[in-house]
Amino acid sequence: MKPIFNLITIVSVMTMISCTQHKTTQQPVSLDPSFMDTTIAPGESFYQYATGGWQQANPIPDEYARYGSFDNLREENQQQIQLLIEALGSEEYPAGSNAQKVGDIYRMGIDSIRLNEQGATPILHQLKAIAAAKDKQDVIRLMAEVSRYAGNPFFAFAVGPDDKNSSMNIVHLYQSGIGMGDRDYYLLEDDHSRSLREAYLRLMETQFQNAGYDEANAGQAAANVMRIETALAEAHITREMRRIPELNYHKMRIEELAVEVAPFEWDLYFTEVGAYGLDSLNVSHPASVKAAIGVIEQEPVESLQDYLSWKVINSAASYLSDAFVEANFEFYGKTLSGSKELRPRWRRTIDAVNGALGEAVGQLYVEQYFPPQAKERMLTLVDNLSLALGERIAQLEWMSDDTKAKALEKLATFTVKIGYPDKWKDYAPLEIADDTYWQNMVRASEFEFAEMISELGQPVDKSKWYMSPQTVNAYYNPSSNEICFPAGILQPPFFYMDGDDAINYGGIGVVIGHEMTHGFDDQGRKFDKEGNLTDWWTADDASRFDERTRVLVNHFDAIAVLDSVHANGTFTLGENIADQGGMQASYHAFMKTNQAVAGELIDGFTPAQRFFLSYAALWAGNVRDAEILRLTKIDPHSLGRWRVDGAVPHVDAWYEAFGITSSDPLWLPEEKRAAIW
Ligand SMILES: [Zn+2]
């Protein structure tokens, strides 16, 4: 799957909302003064000034590692979906209908009595199949099978657009297979990493025992998995390297695999996965895949069985009895992220239904909650943002006319998706049966996998959505040069159907500009208007771009996020460019509105001040220390505080709006402000 550059990482969390009333005129939205903290000057910490009151009034609920206005909206969203699903429960729907499927999965997910009675039973047939492996060939067959429903054992297989021929789908193999999610956790010798490894070992021991292993066998199996995952992690390229598209593209003919990657039972593997007749493919990370093959060769069958069994147990844990769920939460929720309590079962189940039947839920969701007028207002905003960004590009003094012409062409060819897809996914082939919750999740994953395989060798379906409509998020996809704004994000505090322009341009306007800027960030700029990885920049323009973005890298590298831990300016560069560029473009567009021109105060704030206060409000939130450390490792987005305090000092208009001077701590001399888009 192509990397999707979304606005924020999708965290699996989400209270209630009433549908916006639709009037025809714009109404000033009240910025709640209690959300602010006016004991702090805007130039000291704009984040604290704009959102300090919110933080104070909204301590993190025990079940969260981070809780902000985003999560608040997600919670409301979940409640809306729960109401929809409960309404379904009052009627009988024909077998095979989307309503039957959504309703049945939800009922199974919240039925704790049945889940606890079943215990490990739902996974036993899969563990038995793995235990029956006799040789490495069996291991390869099982690896292919498990990859259809339980993540990516050893390395990942996916079908998606060819970076250099973006209209065609090809196979991609890339690094994967580690349960802690980042190589550093396996390799670093600091106290935090060591304690995570110990906790991960304990998690595995507990879950193997929950699955029926005796204590000694569980301990041995956990040690085997740790050894295998550590070997995989050692060969993984770093997250910074993963951001460089050229380093992730190694297209080769199938005959070259043995030499360019490693000898392996490739025919067997591809046949078992269901990818027949391949002539070429992309191996994103040849050295990592080679190392994974080395592990399969060197480790005894028994250890490889433990590893595959772990993939199944760990993937299934959230869908099994309380013993599995609690052990899973102990590590992934508490230790890794700092949450204190498991989220209520119904919320976890809504997430699961969204994951398994995203567009089926989405279809119900938009009928109920997404007004057509919202799409119209969004289209106008997108047009205005596009115009503004185009004007800014045309005026850049650091870019040559040649590159500008191509950049403007790329901007003009963006595909814009708003609300929900034109064509809904057909869930007819997916059976939701009354056996087990987990088995339905397996069928849902296999359904998605089969759909992915069917796209192999086919032209890319540009109408496809990579997020479901109810998702509170947005994305830019470089390989299709598209921006997408699902219905879920078109709500307050991002979007006020009848709100004044300052609030909407500071909110959803910046989000639109953010996604557009992704087409021109350190990664996106390497893809042309057709979505092909190709160098359309002059060498001078490219080096001037690097020089200008370096300013942002250095700025964020210098930010201490917790004690001596710093932000990673290189890893977060794309998002930081997008935040800063998004603000610039949206502010530029906002300046053309009647509200900006008239300049009248609302609640004592100028239009420009309201714009920036609206932006900051998007990121209001609190976050636990453990989560700060985890996100700094794995999230390409800066933390909420720094999406504000790290970004606004690079926007000249913010200085003007709040009268920031060189005596203010956030003030940057002009030569240290990033001037990119
Ligand atoms: Zn983004």
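Here we summarise the structure given alongside this text. (Residues numbered from 1 in each chain as written. Predicted model: local features only at pLDDT ≥ 70, side-chain atom pairs only at ≥ 80, totals over all residues. Heavy atoms only, no water.)

What the protein chain contains, in helices and strands, is 28 helices and 12 strands. Taking the principal axes of the C-alpha coordinates as reference, the protein chain spans close to 75 × 60 × 50 Å. Across the 677 residues that make up the protein chain, the buried fraction comes to 60%. For the protein chain, the exposed area adds up to about 26400 Å²; of that, 50% sits on carbon and sulfur atoms. Computed over 58 positive and 96 negative side-chain charges, the inter-centroid distance for the protein chain is 2 Å. (Helix = DSSP H or I, 4+ residues; strand = E, 2+ residues; numbered from the N terminus. Buried < 20%, exposed > 50% of the residue type's maximum accessible area, 1.4 Å probe, protein only. Areas by Shrake-Rupley, 256 points an atom, 1.4 Å probe, with all protein chains shown as cover. Lys, Arg positive; Asp, Glu negative; His and termini not counted. Charge placed at Lys NZ, Arg CZ, Asp CG, Glu CD.)

On the basis of which strands lie adjacent, the open sheet formed by four strands has the order β3-β4-β6-β5 and mixed pairing. A single partner strand is all that each edge strand has here, and the edge strands are β3 (155–162) and β5 (251–253). On average, each strand axis in the sheet is inclined to that of its neighbour by 35°, with strand direction left out of account. Note that β3 and strand β4 (residues 165–175) share eight bridges and pair antiparallel. Its bridge partner being in β4, Phe157 is matched across the sheet by Leu173. Relative to β3, helix α12 (residues 266–273) is tilted by about 70°, and along the sheet it contacts β3, β4 and β6 (280–283). (Pairing = 2+ DSSP bridges. Axes fitted to C-alpha atoms, helices over the stretch in contact; angles between N-to-C directions. Contact = heavy atoms within 4.5 Å.)

Empty space within the largest cavity amounts to approximately 90 Å³. In terms of lining, the largest cavity is formed by Phe556, Val561, Ala567, Asn568, Thr572, Leu631, Thr632, Asp635, His637, Ser638, Leu639 and Trp642. Among the residues forming the lining of the largest cavity, the class breakdown is six nonpolar, five polar and one charged. (1 Å grid on protein atoms, 1.4 Å probe; cavity = no way out; pocket = protein on both sides within 12 Å on 5 of 7 lines; lining within 4 Å. Points joined across faces, edges and corners; volume = space filled by probe spheres on them. Nonpolar A, V, L, I, M, F, W, Y, C, P; charged D, E, K, R; others polar.)

This brings us to the packing of aromatic side chains. For the structure shown, the criterion picks out 49 aromatic pairs. On the basis of an interplanar angle of 70° and a centroid distance of 6.1 Å, the ring pair of Tyr149 and Trp438 is categorised as edge-to-face. Note that Tyr149 is positioned in the loop between α6 (136–146) and β3 and Trp438 in helix α20 (residues 437–454), a separation of 289 residues in sequence. Consider the rings of Phe590 and Phe611, whose centres lie 5.8 Å apart with planes at 15°: the pair is stacked. Of this pair, Phe590 sits in helix α23 (residues 573–590) while Phe611 is found in helix α25 (residues 607–618), placing the two residues 21 residues apart along the sequence. For the pair Phe590 and Phe611, one class covers both residues: buried. Members of the aromatic cluster, connected to one another through ring pairs, are Trp398, Phe414, Tyr476, Phe520, Trp536, Trp537, Phe545 and Trp677. Positioned above the aromatic ring of Trp537, the side-chain terminus of Arg525 is 4.6 Å from the ring centre. (Phe/Tyr/Trp six-rings, centres within 6.5 Å; stacked < 30°, edge-to-face > 60°. Lys NZ or Arg CZ within 6 Å of the ring centre and 35° of its normal.)

With that out of the way, let us pick up helix α1 (residues 46–57). Here α1 is 12 residues long and its end C-alpha atoms lie 18 Å apart, about the 16 Å a rise of 1.5 Å per residue gives. Of all 12 residues in α1, nine are buried; the element is thus mostly enclosed. When α1 is considered as a whole, its buried residues turn out to be Phe46, Tyr47, Tyr49, Ala50, Thr51, Gly52, Gly53, Trp54 and Gln55. Where α1 is buried, its residues meet β2 (66–68), α2 (69–89), α25, β12 (621–623), α27 (640–645) and α28 (652–658). (Expected span 1.5 Å × (residues − 1).)

Turning to the pairing of β3, a few remarks are in order. The buried fraction of β3 amounts to eight of the eight residues, a majority that puts the element mostly inside the structure. Here β3 hands over to β4 after two residues, the two strands then running antiparallel side by side.

The subject of this paragraph is the packing of helix α8 (residues 191–210) against helix α9 (residues 215–235). Look at α8 against α9: their axes get within 8 Å of each other, and the N-to-C directions meet at 135°. The angle between α8 and α9 places the two elements in the oblique class. Where α8 crosses over α9, the two elements pack in a sense that is right-handed. Of the residues in α9, those in contact with Arg197, Tyr200, Leu201, Met204, Glu205, Phe208 and Gln209 of α8 are Glu215, Ala218, Gly219, Ala221, Ala222, Ala223, Val225, Met226 and Glu229. Here the contact of α8 with α9 is composed, by residue class, of 10 nonpolar, two polar and four charged. (Parallel < 35°, antiparallel > 145°, perpendicular 65-115°, else oblique. Left-handed = near helix turned anticlockwise from the far one by under 90°.)

Looking now at unusual backbone geometry. The peptide bond linking Pro492 to Pro493 adopts the cis configuration, its omega dihedral lying at 5°. For Pro493, the location among the structural elements is in the loop between β9 (482–486) and α21 (501–518). Residues other than glycine seldom take positive phi values, yet Phe154 does so here, at roughly 70°. Along the chain, the position of Phe154 falls in the loop between α6 and β3. Of note, the phi angle at Asp563 is positive, near 50°, even though the residue is not glycine.

The next point concerns the nonpolar core. Judged by nonpolar contacts, the single largest core of 200 residues is most densely connected at Phe46, Phe157, Phe612 and Trp677. Considering every element that reaches this core, the biggest residue donor is α20, with nine residues. When neighbours within four sequence positions are excluded, Phe612 is seen to be in contact with Phe46, Met583, Tyr587, Val648, Val651, Ala653, Trp654, Ala657 and Phe658. Grouped together as the second largest cluster of nonpolar side chains are five residues, Trp54, Tyr64, Tyr67 and Ala620 included. (Core = buried A, V, L, I, M, F, W, Y, C linked by side-chain atoms within 4.5 Å.)

Another point: the side chain of Thr471. Structurally, the position occupied by Thr471 is in the loop between α20 and β8 (475–477). In contact with Thr471, not counting residues within four places along its chain, are Pro486, Gly488 and Ile489.

Of all 11 residues making up β4, eight are buried, and the element is well covered by its neighbours. Sheet topology note: the β4/β6 ladder contains two bridges and is parallel. Considered in β6, the bridge of Leu173 is made with Val283.

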